[in-house]
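Each chain, written out:
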Amino acid sequence: MTTSEPSVLLADMTWPEARDAIQAAQVAIIPVGSTEQHGPGMTVSTDIVMAAAVAERVAQAMAPRAIVAPPLPYGLSSHHMRFPGSITISAATFGTVLKEVMHSLKAHGIDRFLLLNGHGGNQAALSVITTEACQELGVKVATALYLAGAYDLVQQHFGRTYAHACEIEASVALAAAPALVRQHALEKGEELPAAYRHAGLPGGTTPAGSFVTTAAPFEDLTRNGNLGDPRLASADVGEAVVALAVERLIEFLEDFTAE
Ligand SMILES: [Zn+2]
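Residues numbered from 1 in each chain as written. Predicted model: local features only at pLDDT ≥ 70, side-chain atom pairs only at ≥ 80, totals over all residues. Heavy atoms only, no water.

K.L.:
How do you make sense of unusual backbone geometry when you look at a structure like this?
P.N.:
What you tend to see is this: most non-glycine residues have negative phi, and most peptide bonds are trans. Omega for the bond connecting alanine 63 with proline 64 falls within 30 degrees of zero, at 5 degrees, which places this linkage in the cis form. Relative to the helices and strands, proline 64 is located in the loop between helix H2 (46–62) and strand S2 (66–68). Positive phi is not limited to glycine here, since histidine 198 has a value of about 75 degrees. By the secondary structure assignment, histidine 198 is in the loop between helix H6 (167–176) and helix H7 (235–256). Owing to a relative accessible area of 46%, histidine 198 belongs among the partly exposed residues under this scheme. (Helix = DSSP H or I, 4+ residues; strand = E, 2+ residues; numbered from the N terminus. Buried < 20%, exposed > 50% of the residue type's maximum accessible area, 1.4 Å probe, protein only.)

Encoded structure:
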């Protein structure tokens, strides 16, 4: 972003700027993610930085019709707690914070929200929070895992749609937030034999080929915290994935804000 463009980030606004931006906006995007281990080669902020980066691209493209609320850097990461640096909050706390943030923004005039998620482990909780917030706050709420917006392209390039601190996540990070990646420290996942057949990842992420959700801790899945191989990442593929996800999120928001 150049300095001549007005910011879409609420955190960077003064209150008169926020008043004017909210008056022009039809939706607020709230980036949600996690603070959790991403193997030896990616930072613990990966999920929230990526969600915020995608949210900013979407809002910039829709300006002034969308604004981005300050990102929530904590999520449901209990399955990563064996790895230093990971921080987890309960589903109840996560829901309370998000609903109170939406309640606050509603008081200023925003009544449509997109909870844009960067962490698969939040998915199940966000579905519940979305339903409850609509009912309890009288606002319109939607949620999306940003990466899922480009799953067809991800599948085409990587032969699967989801892992963790893997070639997929490293690719999008190299494209949108390269400071997340320590190229020299990237390691192939030291994956352990699956304990269960048909089980996806904890927190509600069930990639194609799995249909059971468990709460398996990550140390049972991988020794170094990686699933997949982030050394195979491509910034060019990552940029295409991010661009497609942004394009489809904008298409959704055009419909979501039309009525
Ligand atoms: Zn991640």
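Don't stop here, the text continues.
K.L.:
What is the right way to look at the packing of H2 against H7 in this model?
P.N.:
Each pair of packed helices can be summarised by the angle the axes make with each other and by the distance between the axes. Interhelical geometry of H2 versus H7 gives an angle of 55 degrees and a closest axis separation of 10 Å. For the element pair H2 / H7, the angle class is oblique. Relative to H7, the crossing made by H2 is right-handed. For the pair H2 and H7, contact is made by Met50, Val54, Arg57, Val58, Ala61 and Met62 and by Glu239, Val242, Val246, Leu249, Ile250 and Leu253, respectively. (Axes fitted to C-alpha atoms, helices over the stretch in contact; angles between N-to-C directions. Parallel < 35°, antiparallel > 145°, perpendicular 65-115°, else oblique. Left-handed = near helix turned anticlockwise from the far one by under 90°. Contact = heavy atoms within 4.5 Å.)

K.L.:
Help me understand the pattern of salt bridges in this model?
P.N.:
Close approach of charged atoms allows side chains with opposite charge to pair. Tallied over the full model, the rule gives ten salt bridges. Here arginine 248 makes a salt bridge to aspartate 152, at a shortest N to O gap of 2.9 Å. Of this pair, arginine 248 sits in helix H7 while aspartate 152 sits in helix H5 (residues 151–158); the two residues are 96 residues apart in sequence, bridging distant segments of the chain. Taking the shortest distance from any N to any O, the salt bridge between glutamate 167 and arginine 160 comes out at 3.0 Å. Under the relative-accessibility criterion, glutamate 167 is labelled buried at 8%. Owing to a relative accessible area of 27%, arginine 160 belongs among the partly exposed residues under this scheme. Members of the salt-bridge network, linked through shared partners, are Lys99, Glu132 and Glu136. (Salt bridge = Lys/Arg side-chain N within 4 Å of Asp/Glu carboxyl O.)

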